[in-house]
Amino acid sequence: MATVEAASQAGRTRAGSPPGRGHRLSTYLYRRPKLVLLLLLGVPLLWLVAVYLGSLATLILQSFFWLDSFTGQVVRTLTLANYVELTSRANVDIFLRTILMAAVVTLTCAVLAYPLAYYMARYASSRMKGLLYLLVLLPLWSSYLVRVYAWRLILAREGITSWFFSALNLDWLLDGVLKLPVIGGPSLSVSFLGMWLVFVYVWLPYMVLPIVASLERVPGSLLEASGDLGARPGKTFRSITFPLALPGVIAGSIFTFSLTLGDFVVPYSLGNSSYFIGQAVLSLQGTAWNIPLAAAFTVVPMGVMAIYLLGSKRLGAFDAL
Amino acid sequence: MTAIDATTPAIRFRGVSRHFGDVHAVDRVDLDILDGEFFTMLGPSGSGKTTCLRLIAGFEIPDSGAIELFGQDVSSLPPYDRDVNTVFQDYALFPHMRVAENVAYGLMIRKVPPAERRRRTEDMLELVRLHGLGARKPSELSGGQRQRVALARALVLHPRVLLLDEPLGALDLKLRQEMQIELKGIQRQVGITFVYVTHDQEEALAMSDRIAIFNGGRIEQVGSPPELYENPTTPFVAGFVGVSNVLGGEWARRLTGAAAPLTVRPEKIHLQPADSPSPGPDQCAVEGVIRDVVYLGMYTRYLVELDATTDLTVVQQNLQTTSTDVLSARGRRVRLVWDRAHNRRLAA
């Protein structure tokens with residue numbers, strides 16, 4: 001069809017009227033694929049290199065400067081003082097607390113998302129799948145802040161959760177859970193338990209979508225072949241489905257893990273006085289004006305993510321890509 | 001359960017139907033496949049042949065009827081409890097496992113000890129001529145090699161029946177012909193029943209002991225390749241196995257005195273000049289105009305128009321003729337002559 005059109009086009013131009021400006025431009029570009037590539041990638045590359053990598057480099061550089069506490073000025077000479085300060089007991093606690101929370105949130109998201117993603121990828125009709133995609137994505141259409149504050153009300157002592165438990169005469173259960181050391185608190189809205197609930201809620205879509213995508217790429221014939229060779233469904237899942245979908249789980253966990261590592265809104269709204277990394281960065285640069293130390297703080301989650309990715313690669317998570 | 005003796009078929013379909021919504025993919029099929037034969041299910045796409053294979057494997061469960069494997073009703077058994085193995089159309093090799101791991105997968109599931117597992121895997125790779133490639137990933141193999149891995153993976157479990165779903169479909173012609181001979185050789189060597197699905201009639205004729213011709217979810221005819229080719233019983237079989245040369249209505253009445261349609265194979269027909277002497281009483285003759293000539297090197301295919309609605313295809317070996325001779329024949333008036341004995345009456 002295209003060739004027929006091109007031929008008739010060529011016939012027309014040959015017959016008399018000279019080719020138009022647009023036509024000549026098309027032909028010029030058609031002959032120069034490298035120029036087209038440059039035009040396509042120029043702006044995004046400029047953005048990535050200058051804005052993204054540039055600011056990242058500035059950030060890392062900042063982390064080696066130091067704050068003169070007497071003048072309140074940043075001194076632009078290189079030092080490792082900030083990194084030494086990171087190893088103080090209070091700061092290490094912040095890191096461990098945040099990493100542990102991120103790990104638990106990631107694990108919970110994976111466990112919740114996998115069955116849903118499996119259903120969406122393998123069994124749902126295209127209508128059902130569209131509906132489920134919509135439901136998974138719908139929360140992302142509203143402001144993250146609004147949703148977190150809504151959860152604060154939901155989980156508050158006078159909120160619907162408490163009401164629900166007391167309506168079922170299960171106050172003792174909620175109170176018992178809140179009395180647990182570390183994860184409990186005066187109410188769900190001021191406890192690690194509540195933070196965990198809200199983190200799982202806000203990051204779950206980022207886990208569901210990559211797992212659906214990776215499960216969809218596993219051909220059904222592989223699962224049939226496994227069954228044909230004698231494997232029961234459980235064995236097929238462990239030997240075939242899960243390893244092949246692992247890149248999707250890893251991709252999802254990168255989202256949930258890193259988003260939890262860097263978040264300050266949820267700990268700020270639902271936490272108690274113990275800091276998470278995001279809060280520490282916020283208060284260091286917002287209140288204390290110690291930008292170099294704040295920068296050093298943000299390097300830690302980057303390092304954690306790098307180790308996490310290397311570990312995943314070492315375990316063969318990307319072999320099936 | 002029926003007692004197993006020499007006459008128990010490897011596979012028996014008894015009134016098997018499988019519907020997908022309104023589509024009768026398999027419609028009341030009865031079929032016996034004998035132990036040790038190379039059996040082919042041949043038909044156009046959507047004729048139900050692949051669904052029949054999947055019913056044997058256990059990927060589909062019949063809506064009605066029963067499927068027996070060596071006398072045992074397996075209709076409701078899941079695939080992992082059936083003593084059959086499948087070679088898939090897309091090979092379905094596990095991309096995250098090496099070739100040897102793919103082949104050993106079934107043995108690992110059956111908890112065969114590692115030493116024996118390794119030995120049997122090696123033997124099987126040898127059989128399909130992939131010796132020394134066990135450490136490769138499937139992505140590092142050519143199409144033909146992947147096909148052999150799929151075969152080895154299915155055969156290593158010594159199934160009593162091997163199912164093959166268009167296994168050569170993705171290979172080029174030359175490789176396909178080589179693999180046909182090789183597959184047939186392997187079948188003779190291991191001596192088990194092969195059930196082979198294809199839409200390629202030449203492939204079916206080349207390899208099979210018996211062929212079932214599928215059309216619209218039903219079996220039109222079952223027979224050996226010569227039987228199907230020389231004695232097709234329906235117009236569909238006559239057309240699907242070989243070239244459709246069906247004469248119906250007025251032509252049938254003129255040539256045989258009966259209205260039932262008849263078929264004659266293109267290589268049985270002789271091309272003669274229109275003014276050649278009249279044929280004998282045990283020969284048929286019709287006149288027509290050559291509409292099309294396809295020169296194929298070894299032989300030439302002529303399309304001869306008898307009237308506005310009836311054509312006959314004629315194949316002549318190029319024993320004396322050259323390409324210039326045959327190509328100049330287009331538009332010429334000719335007489336077609338064949339022995340009455342080559343007429344095959346078809347069910348209307």
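This structure is a prediction, so every number in the text was calculated from the model and none was measured. (Residues numbered from 1 in each chain as written. Chains lettered and ligands numbered in written order. Predicted model: local features only at pLDDT ≥ 70, side-chain atom pairs only at ≥ 80, totals over all residues.)

S.K.: Can you tell me about the domain arrangement of chain B, naming the residues and giving the values?
M.R.: Each assigned domain of chain B is listed here: domain 1 (11-240) and domain 2 (266-345). Between the C-alpha centres of domain 1 of chain B and domain 2 of chain B there is a distance of 40 Å. (Domains from an automatic or database assignment.)

S.K.: Give a detailed account of the sheet that holds strand β18 (residues 344-345) of chain B, specifying residues and quantitative values.
M.R.: What holds strands together in a sheet is hydrogen bonding between their backbones, with the strands either parallel or antiparallel. Residue and element names in this part refer to chain B. Read from one edge to the other, the open sheet built from three strands follows the order β11-β12-β18, with strand pairing classed as antiparallel. Strand pairing shows two members of the sheet lacking a second neighbour, β11 (246-247) and β18, which therefore form its edges. Bridge count for strand β12 (residues 262-263) against β18 is two bridges, and the pairing is antiparallel. Within β18, the residue paired with T263 across the bridge is R344. (Pairing = 2+ DSSP bridges. Helix = DSSP H or I, 4+ residues; strand = E, 2+ residues; numbered from the N terminus.)

S.K.: How would you summarise the interface of chain A and chain B if you had to cite specific residues and measurements?
M.R.: Opposite the 17 residues of chain A that make contact, chain B presents 19 residues. Elements with a contribution of two residues or more to the side of chain A that touches chain B: α11 (220-228) and α12 (233-262) of chain A. With six residues, the single largest contributor to the side of chain A that touches chain B is α11 of chain A. Partitioning the side of chain A that touches chain B into residue classes produces nine nonpolar, three polar and five charged. (Contact = placed C-beta atoms within 7 Å. Nonpolar A, V, L, I, M, F, W, Y, C, P; charged D, E, K, R; others polar.)

S.K.: Break down the packing of helix α2 (residues 99-109) of chain B against helix α3 (residues 114-127) of chain B for me, citing the residues and quoting the values.
M.R.: Residue and element names in this part refer to chain B. Two elements in contact, α2 and α3, have axes whose closest approach is 9 Å; the angle formed by their N-to-C orientations is 130°. Between α2 and α3, the angle is such that the two are oblique. Two packed elements cross with a definite hand, and for α2 against α3 that hand is right-handed. Counting all contacts with α2, which are made through A100, V103, A104, L107 and M108, the residues of α3 involved are R117, R120, T121, M124 and L125. A breakdown of the residues in the contact of α2 with α3 according to their chemical character gives seven nonpolar, one polar and two charged. (Axes fitted to C-alpha atoms, helices over the stretch in contact; angles between N-to-C directions. Parallel < 35°, antiparallel > 145°, perpendicular 65-115°, else oblique. Left-handed = near helix turned anticlockwise from the far one by under 90°.)

S.K.: Outline the sheet that holds strand β3 (residues 38-42) of chain B, listing residues and values.
M.R.: All names here are of chain B. Strand order across the open sheet formed by six strands is β6-β7-β8-β3-β9-β10, with mixed pairing between neighbours. If you trace the sheet from one side to the other, it starts and ends with β6 (84-87) and β10 (218-223), each paired once. The sheet shows a mean angle of 20° between the axes of neighbouring strands, taken without regard to direction. Here β3 runs beside strand β9 (residues 210-215); their pairing, made up of four bridges, is parallel. What sits directly across from F39, in β9, is R210. Helix-sheet contacts for helix α4 (residues 143-155) involve β6 and β7 (161-165), and the interaxial angle to β6 is about 175°.

S.K.: Requested: an account of the domain arrangement of chain A, with residues and values cited.
M.R.: All names here are of chain A. Segmentation of chain A into domains returns domain 1 (2-75) and domain 2 (84-314). Opposite the nine residues of domain 1 that make contact, domain 2 presents nine residues. Of all the secondary-structure elements, those providing two or more residues to the side of domain 1 that touches domain 2 are α3 (33-62) and β1 (66-68). The leading source of residues in the side of domain 1 that touches domain 2 is α3, at three residues.

S.K.: Please give an account of the pairing of strand β8 (residues 193-198) of chain B that cites residues and values.
M.R.: The two faces of a sheet get side chains in turn, since along a regular strand they alternate between them. All names here are of chain B. Across the six residues that make up β8, a large majority, six, are buried. With burial as the criterion, each face of β8 is covered, one bearing T193, V195 and V197 and the other bearing F194, Y196 and T198. When β3 meets β8, the two strands line up parallel, connected through five bridges. When the bridges of β8 are listed, F39 appears paired with V195. Examined bridge by bridge, β7 and β8 share five bridges and lie parallel to one another. Within β8, the position partnered with L164 by the bridge is Y196. Each parallel crossover has a hand, and for β7 linked through helix α5 (residues 173-190) to β8 it is right-handed. (Buried ≥ 20, exposed ≤ 12 C-beta atoms within 10 Å, placed from the backbone. Right-handed = clockwise from strand over helix to strand, strands pointing away.)

S.K.: Could you give an account of the nonpolar core, with specific residues and numbers?
M.R.: Formed by 146 residues in total, the largest nonpolar core has its most connected members in I56, A152, V195 and I213 of chain B. Sort the elements by how many residues they give to this core and helix α10 (residues 192-216) of chain A lands first, with 16 residues. For V195 of chain B, the contacting residues outside a window of four places in its chain are I11, I33, F39, M41, L53, I56, V161 and L163 of chain B. (Core = buried A, V, L, I, M, F, W, Y, C linked by C-beta atoms within 7 Å.)

S.K.: Lay out unusual backbone geometry with the relevant residues and their values.
M.R.: Residues and elements named next belong to chain B. The phi dihedral of Y91 falls on the positive side, at around 70°, and the residue is not glycine. Tracing the chain through its elements places Y91 in the loop between β6 and α2. Exposure remark for Y91: the 23 C-beta atoms within 10 Å place this residue in the buried category. The backbone of A92 sits at a positive phi, close to 50°, despite the residue not being glycine. Considering the arrangement of structural elements, one finds A92 in the loop between β6 and α2.

S.K.: So what's going on with α10 of chain A? Which residues, and what values?
M.R.: All names here are of chain A. The terminal C-alpha atoms of α10 lie 35 Å apart, and with 25 residues this matches the ideal 36 Å at 1.5 Å per residue to within 8%. At W203, α10 shows its maximal kink, close to 45°; a proline, P205, follows between one and four residues later. Within α10, 20 of the 25 residues are buried, which leaves the element mostly enclosed by the surrounding structure. (Expected span 1.5 Å × (residues − 1). Bend = angle between axes of the 7 residues up to and from the residue.)

S.K.: Explain the packing of α11 of chain A against α12 of chain A to me, and be specific about the residues and the numbers.
M.R.: Residue and element names in this part refer to chain A. Where α11 meets α12, the closest approach of the two axes is 10 Å, and the angle between their N-to-C directions is 140°. Taken as axis vectors, α11 and α12 run oblique relative to one another. The handedness of the crossing between α11 and α12 comes out as right-handed. When α11 is examined against α12, the residues L222, L223, S226 and G227 are found in contact with a partner set consisting of T236, S239, I240 and T241. Within the contact of α11 with α12, the residues separate by chemical class into three nonpolar, five polar and no charged.

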